[in-house]
Amino acid sequence: MATPPKTRSDTALDAPGGADRMMLIETFVRIVEAGSLSAAAQQLGSTQPTISRRLQSLERSLGVRLLQRSTHGMNLTEDGVRCYDRAKDLIASWQSFESTVRGANDEPVGTLRVVAPHAFGQRQFIKPLAEYLKRYPRMSVDWSLHDRSPDFIADGIDCAIQVGLPPDPDVVALRLGEVPRIVVAAPELLAGRPVPCQPHEMGGLPWVALRMFYRDEVTLTHVASGDTVTFPIAPRLSTDGLYAARTAALLGVGAGIVSAWAVADELAEGRLVQLAPEWRAAPLAVHLVYPPARFYPARLRRFIEIMREGASEALRDPLEK
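Model, not experiment: these values are computed from the prediction.

S.K.: I'd like to hear about the nonpolar core, residue by residue, with values.
M.R.: Residues Phe125, Leu176, Met202, Trp207, Leu220, Leu288 and Phe303 are the most contacted members of the largest nonpolar core, which totals 65 residues. When residues are assigned to domains, this core turns out to be shared by domain 2 (110-177 + 285-315) and domain 3 (179-283), each giving three or more. The next biggest cluster of nonpolar side chains, apart from the first, holds 20 residues, and it includes Met22, Leu24, Leu55 and Ile91.

So, in structure tokens, the structure goes:
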């Protein structure tokens, strides 16, 4: 089979001293952290052959084999382990050097990869995200929506918005605020009965359970006194989706505890009513989480700044007078 012609970038990688050494080192680190050449290529927006050539170029430059590949997978050699540890330090030092030379106002360039919960990522945090893209036109964002905790290294994620779950002690967690939660139901569910004012009046209703936070019992706190009450419920529907729970409540399936912002319009229009208005479920903390490092790239630093600026509006309690 004929060998395909080399591109200009391939020739540069083969030339002694002609390669961008930091790019080669960063590629090697990404290969190790992604777990494969193909995964690294996807995260870097490149191709597997290009990533393979970069690795080979770095190995020729250093005169050592860094990775041992077989049909069973990929493993670091002894030289590769030493190189990987030093490479991470070198990348952090280089990024810090670049930041110092460019000054504190260096403009971010590239792609930021963020994971956000389904509901919040579709609505609450879109405005600060749009502000980030408007303010930094040379940036793009990969905005993934799922509710599980991200694997920062394997998935190539820069940061994640996390709601409700306790932050992993191994990551940096910046608290953005909290989400108020209330009990709601469709008027038809009450069948003409007065709106319940006390928790004990709601236990006999059919319920919609948002199972990440409650399943077969509910705990509410009195807004003024701080007293708490726990009572059992019998869910007609159990789901892990906030929008599914809201829609089911709107259709009269049962009462449910939801984020106040998610039902503000429905309450104003009378399609839902708030049950026991003086009682609320515990608010959910919202954090921006990212892996610890000695230095953070401009794309992440600027995103953190804008998220902190926009958090108060994104998480504002719509029921506050």
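Anyway, onward from the coordinates.
S.K.: Could you give an account of the packing of helix α2 (residues 21-34) against helix α3 (residues 37-44), with specific residues and numbers?
M.R.: Helix-helix packing: each pair is described by the crossing angle between the helix axes and the interaxial distance. Across the interface, α2 lies against α3 with an axial gap of 8 Å and an inter-helix angle of 120 degrees. Considering their axes alone, α2 and α3 lie oblique with respect to each other. Crossing handedness for the pair α2 and α3: right-handed. Between α2 and α3, the contacting residues are Thr27, Arg30, Ile31 and Ala34 on the first element and Leu37, Ala39, Ala40, Gln43 and Leu44 on the second.

S.K.: Provide a residue-level description of the side chain of Gln162, including the pertinent values.
M.R.: Following the sequence through the fold, Gln162 ends up in strand β5 (residues 159-163). In this structure the side chain of Gln162 is engaged in a polar contact, spanning 3.4 Å, whose partner is the side chain of Ser149.

S.K.: Which residues make up the packing of helix α7 (residues 126-135) against helix α12 (residues 298-314), and what values do they have?
M.R.: In contact at an axis separation of 9 Å, α7 and α12 are set at 140 degrees when each is read in the N-to-C sense. In terms of orientation, α7 and α12 fall into the oblique class. In the crossing of α7 with α12, the sense of the turn from one axis to the other is right-handed. Contacts between α7 and α12 involve Lys127, Pro128, Leu129, Glu131, Tyr132 and Arg135 from the first element and Arg299, Arg302, Phe303, Ile306, Met307, Glu309 and Glu313 from the second. Residues of the contact of α7 with α12, tallied by class, amount to 6 nonpolar, no polar and 7 charged.

S.K.: Could you give an account of helix α4 (residues 48-62), with specific residues and numbers?
M.R.: Helix length check: α4 (15 residues) gives 21 Å between terminal C-alpha atoms against 21 Å at 1.5 Å per residue, within 8%. Of all the positions in α4, only Thr50, Ile51, Ser52, Arg54, Leu55, Ser57, Leu58 and Glu59 are classed as buried. Following α4 by one or two positions, Gly63 adopts a phi angle in the positive range, close to 75 degrees.

S.K.: Could you give an account of the pattern of salt bridges, naming the residues involved and the relevant values?
M.R.: One pass over the full model with this rule turns up 12 salt bridges. Note that Asp89 and Arg86 form a salt bridge whose closest N and O atoms lie 4.0 Å from each other. Taken together, the positions of Asp89 and Arg86, both in helix α5 (residues 78-102) and 3 residues apart, correspond to about one turn of that helix. Here Arg246 makes a salt bridge to Glu266, at a shortest N to O gap of 3.8 Å.

S.K.: Can you break down the pairing of strand β3 (residues 110-116) residue by residue, with the values?
M.R.: Consecutive residues of a regular strand have side chains that alternate between opposite faces of the sheet. Across the 7 residues of β3, 5 count as buried, placing the element largely inside the fold. By the bridge criterion, 7 bridges tie β3 to strand β4 (residues 139-145) in an arrangement that is parallel. The residue bridging Val114 from the neighbouring strand is Trp143, located in β4. The sheet contact formed by β3 and β5 spans 2 bridges and is parallel. Across the sheet, Val114 pairs through a bridge with Cys159, a residue of β5.

S.K.: Account for the environment of Thr47, naming residues and giving values.
M.R.: Examined against the element boundaries, Thr47 turns out to sit in the loop between α3 and α4. The exposure class assigned to Thr47 is partly exposed, which follows from its relative accessible area of 41%. A sequence separation of 10 residues divides Thr47 from Leu37, and the C-alpha atoms of the two residues are 8.8 Å apart.

S.K.: So what about the packing of aromatic side chains? Which residues, and what values?
M.R.: This structure, assessed with the given rule, holds 7 aromatic pairs. On the basis of an interplanar angle of 65 degrees and a centroid distance of 5.0 Å, the ring pair of Phe120 and Trp261 is categorised as edge-to-face. Here Phe120, found in helix α6 (residues 118-122), pairs with Trp261, found in the loop between β11 (256-259) and α11 (264-269); they are 141 residues apart in sequence, far enough to count as distant. Residue classification places Trp261 among the buried residues on the basis of a relative accessible area of 6%. For the ring pair Tyr132 and Phe303, a centre distance of 5.3 Å and an interplane angle of 90 degrees mean the geometry is edge-to-face. Of this pair, Tyr132 sits in helix α7 while Phe303 sits in helix α12, and the two are 171 residues apart along the sequence. Residue Phe303 is classed as buried on the basis of its relative accessible area of 1%. One aromatic cluster in this structure is built from Phe120, Phe125 and Trp261.

Calculation notes
- Residues numbered from 1 in each chain as written.
- Predicted model: local features only at pLDDT ≥ 70, side-chain atom pairs only at ≥ 80, totals over all residues.
- Heavy atoms only, no water.
- Core = buried A, V, L, I, M, F, W, Y, C linked by side-chain atoms within 4.5 Å.
- Buried < 20%, exposed > 50% of the residue type's maximum accessible area, 1.4 Å probe, protein only.
- Domains from an automatic or database assignment.
- Axes fitted to C-alpha atoms, helices over the stretch in contact; angles between N-to-C directions.
- Helix = DSSP H or I, 4+ residues; strand = E, 2+ residues; numbered from the N terminus.
- Parallel < 35°, antiparallel > 145°, perpendicular 65-115°, else oblique.
- Left-handed = near helix turned anticlockwise from the far one by under 90°.
- Contact = heavy atoms within 4.5 Å.
- Polar contact = N/O pair within 3.5 Å; in protein donor to acceptor, adjacent residues only side chain to side chain.
- Nonpolar A, V, L, I, M, F, W, Y, C, P; charged D, E, K, R; others polar.
- Expected span 1.5 Å × (residues − 1).
- Salt bridge = Lys/Arg side-chain N within 4 Å of Asp/Glu carboxyl O.
- Pairing = 2+ DSSP bridges.
- Phe/Tyr/Trp six-rings, centres within 6.5 Å; stacked < 30°, edge-to-face > 60°.

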